[in-house]
Amino acid sequence: MTTTMSTHQRAVEQIRQSYSEIPGGAAPRLAKSTSNLFRFRDSDKTAKLSARDLDEVISVDPETMTAEVQGMTTYEHLVDATLPHGLMPYVVPQLKTITLGGAVTGLGIESSSFRDGLPHESVEELEILTGDGRVIVARDDNEHRDLFRAFPNSYGTLGYALRIRIKLRKVQPYVHLTHVKFTDAAKCMLAMQEICEGMVHDGEDVDFVDGVFFGPGEMYLTLGRFAERAPYVSDYTGMRIYYQSIQQRNRDWLTIRDYLWRWDTDWFWCSRAFGVQQPVVRSLMPRRWMRSDVYRRLVSLDRKYGVTARIDRWRDQPVQESVIQDVETPVERGAEFLEFFHEKVGMTPVWMCPLRAGSRWPIYPLEPGRLYVNFGFWGMVPLPRGRFDGYYNRLIENSVHELDGHKSLYSTSFYAPEQFWQLYNGDAYWPVKREYDPNGRLLDLYEKCVRGR
């Protein structure tokens, strides 16, 4: 579905008015149907701000190759609107229900990030409801430039994205995949660096790069390139499972839409925790339920009612820690991180996705032009005897920053305030916070992302 600009303006006025009516002592929180955060909060302590009328595509312009999109629009919705025009966003985060506003304010990544950076780098304009109740338009070339640059990684602590103008790129109907196996992490990282710098492999252009670490002796880079034709296309929305295919075949073909959502059907590999990868369960489960937002809701229910913890106690199993993180290290330190992670945490598989920031974004200060590798790992790990919740996550935080990297803030964090503001550039954050939220109506970044308020 699409909406008109006049309808959008009515929705903006509604949310602005709703925001003004929230009591001053209550922390506002967007009430939306989907979430990809893993910082669970007590909803009784927040005032919900409805965003139900801010989830549509306003327009797609094939001439300028841009789209006007409301902030709560999902990438699934946007892609469905752009692909008929032969266009897609430069970076499409891997899960269908990630919203445009969420990706811009909270960071996102995918296999085009080695060339095109993070989703906010293709944003031209942001309409933002600020902490002091104003609705402003921020661009890189106007008086709100500081807010525009500080908005990525601010997680709703500087305001909420109401409308986004985003640049689009041309696509072809199919993606040809090549899975390249490595048995040595250092060689894998070196190959990744060479491919990303040259944007070619075996004499052919490369449009997408990511990879999977299955263990110290088995990892793969998956190289994708656009194609006008395909001899066949694979389907990983039913009985077949995409990540398992990486180990089983050297080449593959997908439609562009199926390529963009190849990870969503099984939430990468996390569907196995719910038995969905068992053939009998999978054959009985409706396809419409095999998607990341369904699994996320199951995790939320499990956390609320403590089902897994009760089963573990009944079976006399060790207490488990939730280790759900995305971290970035420079590519030249990637093998060191994998060695540490396998030895100290031991979770597999691990997603590997290269990225390169085109310019400096102050609240997530990656060095422009430098190639980093995002490592994504999501699951539960048994705690050693005598250790308490947070043990593994603290180990990971320390390792990442020893390796000159950064971690995303969508999940649990344990930093002390001084370390946090040093890592996430409090010197740049606080002047913008004071300018657009002088009374502190919105939580600050530390309160929200570390203390979990």
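This section reports on the structure supplied with the text.

Cut-offs and rules
- Residues numbered from 1 in each chain as written.
- Predicted model: local features only at pLDDT ≥ 70, side-chain atom pairs only at ≥ 80, totals over all residues.
- Heavy atoms only, no water.
- Buried < 20%, exposed > 50% of the residue type's maximum accessible area, 1.4 Å probe, protein only.
- Helix = DSSP H or I, 4+ residues; strand = E, 2+ residues; numbered from the N terminus.
- Arc of directions from axis to C-beta.
- Contact = heavy atoms within 4.5 Å.
- Salt bridge = Lys/Arg side-chain N within 4 Å of Asp/Glu carboxyl O.
- Axes fitted to C-alpha atoms, helices over the stretch in contact; angles between N-to-C directions.
- Parallel < 35°, antiparallel > 145°, perpendicular 65-115°, else oblique.
- Left-handed = near helix turned anticlockwise from the far one by under 90°.
- Nonpolar A, V, L, I, M, F, W, Y, C, P; charged D, E, K, R; others polar.
- Pairing = 2+ DSSP bridges.
- Disulfide = S-S within 2.5 Å.

### Observations regarding helix H12 (residues 334-344)
Step number 1: Where H12 is concerned, the buried positions are Gly334, Phe337, Leu338, Phe340 and Phe341. With its buried residues spanning 165 degrees around the axis, H12 presents them on a single face. Those residues of H12 that are exposed and angled more than 90 degrees off the buried face are Glu339 and Glu343.
Step number 2: Turning to H12, the residues buried within the fold contact helix H6 (185-198), strand E12 (208-215), strand E15 (320-330), strand E16 (350-356), strand E17 (371-382) and helix H13 (391-402).
Step number 3: Positioned one or two residues after H12, Gly346 has a phi angle of 80 degrees, which is positive.

### Some words on the pattern of salt bridges
Step number 1: Applying the stated criterion across every chain, the model contains 33 salt bridges.
Step number 2: The closest approach of N and O atoms between Asp132 and Arg134, which form a salt bridge, is 3.1 Å.
Step number 3: A relative accessible area of 32% means that Arg134 is categorised as partly exposed.
Step number 4: Each of Glu68, Glu125, Glu127, Arg139, Asp141, Arg163 and Arg165 takes part in a single network of salt bridges with overlapping partners.

### Remarks on the packing of H12 against H13
Step number 1: Taken N-terminus to C-terminus, the directions of H12 and H13 make an angle of 165 degrees; their axes are 11 Å apart at the nearest point. The orientation of H12 with respect to H13, classified from their angle, is roughly antiparallel. At the point where H12 passes H13, the crossing takes the right-handed sense. Within the contact between the two elements, H12 uses Phe337, Phe340, Phe341 and Lys344 and H13 uses Tyr392, Leu395, Ile396, Ser399 and Val400.
Step number 2: Here the contact of H12 with H13 is composed, by residue class, of seven nonpolar, one polar and one charged.

### Concerning the sheet that holds strand E18 (residues 406-407)
Step number 1: Here eight strands make up an open sheet; going across it, the order is E14-E9-E13-E12-E16-E17-E15-E18 and the pairing antiparallel. The open sheet has two edge strands with one neighbour each: strand E14 (251-255) and E18.
Step number 2: Here E16 runs beside E17; their pairing, made up of six bridges, is antiparallel. Across the sheet, Pro354 pairs through a bridge with Val373, a residue of E17.
Step number 3: Relative to E17, H12 is tilted by about 5 degrees, and along the sheet it contacts E12, E15, E16 and E17.
Step number 4: Packing of H13 onto the sheet brings it into contact with E15, E17 and E18, and relative to E15 it is tilted by some 5 degrees.

### A word on the pairing of strand E7 (residues 135-138)
Step number 1: The two faces of E7 differ: Ile136 and Ala138 on one face are buried, but Val135 and Val137 on the other face are not.
Step number 2: Of the pairings in the sheet, the one linking strand E6 (residues 123-130) to E7 comprises four bridges and is antiparallel in character. The partner of Leu129 across the bridge, within E7, is Val135.
Step number 3: In this antiparallel pair of consecutive strands, E6 and E7, the connection spans four residues, and Gly133 shows a positive phi of 90 degrees.

### Observations regarding the state of the cysteines
Step number 1: Applying the stated rule across the entire model yields zero disulfides.
Step number 2: This cysteine, Cys353, is not joined by any disulfide, and Cys196 carries the nearest cysteine sulfur, 8.7 Å off.

### Focus on the packing of H6 against H12
Step number 1: The interhelical angle for the contact between H6 and H12, taken along N-to-C directions, is 145 degrees, at an axis separation of 8 Å. For the pair H6 and H12, the sense of crossing is right-handed. Contacts between H6 and H12 pair Ala185, Ala186 and Met189 from the former with Gly334, Ala335 and Leu338 from the latter.

### A few points about the side chain of Ser408
Step number 1: Residue placement: Ser408 occurs in the loop between E18 and helix H14 (417-423).
Step number 2: Setting aside residues up to four positions removed in sequence, Ser408 forms contacts with Tyr155, Gln325, Asp326, Glu328 and Tyr364.

### Looking at the environment of Glu125
Step number 1: Locating Glu125 in the fold gives a position in strand E6.
Step number 2: The exposure class assigned to Glu125 is buried, which follows from its relative accessible area of 6%.
Step number 3: In the structure, Glu125 is positioned 16 residues away from Asp141 in sequence and 9.6 Å away in space, judged by C-alpha atoms.
Step number 4: With near-sequence residues (within four places) excluded, Glu125 lies in contact with Val137, Ala138, Arg139, Phe148, Arg163, Ile164 and Arg165.

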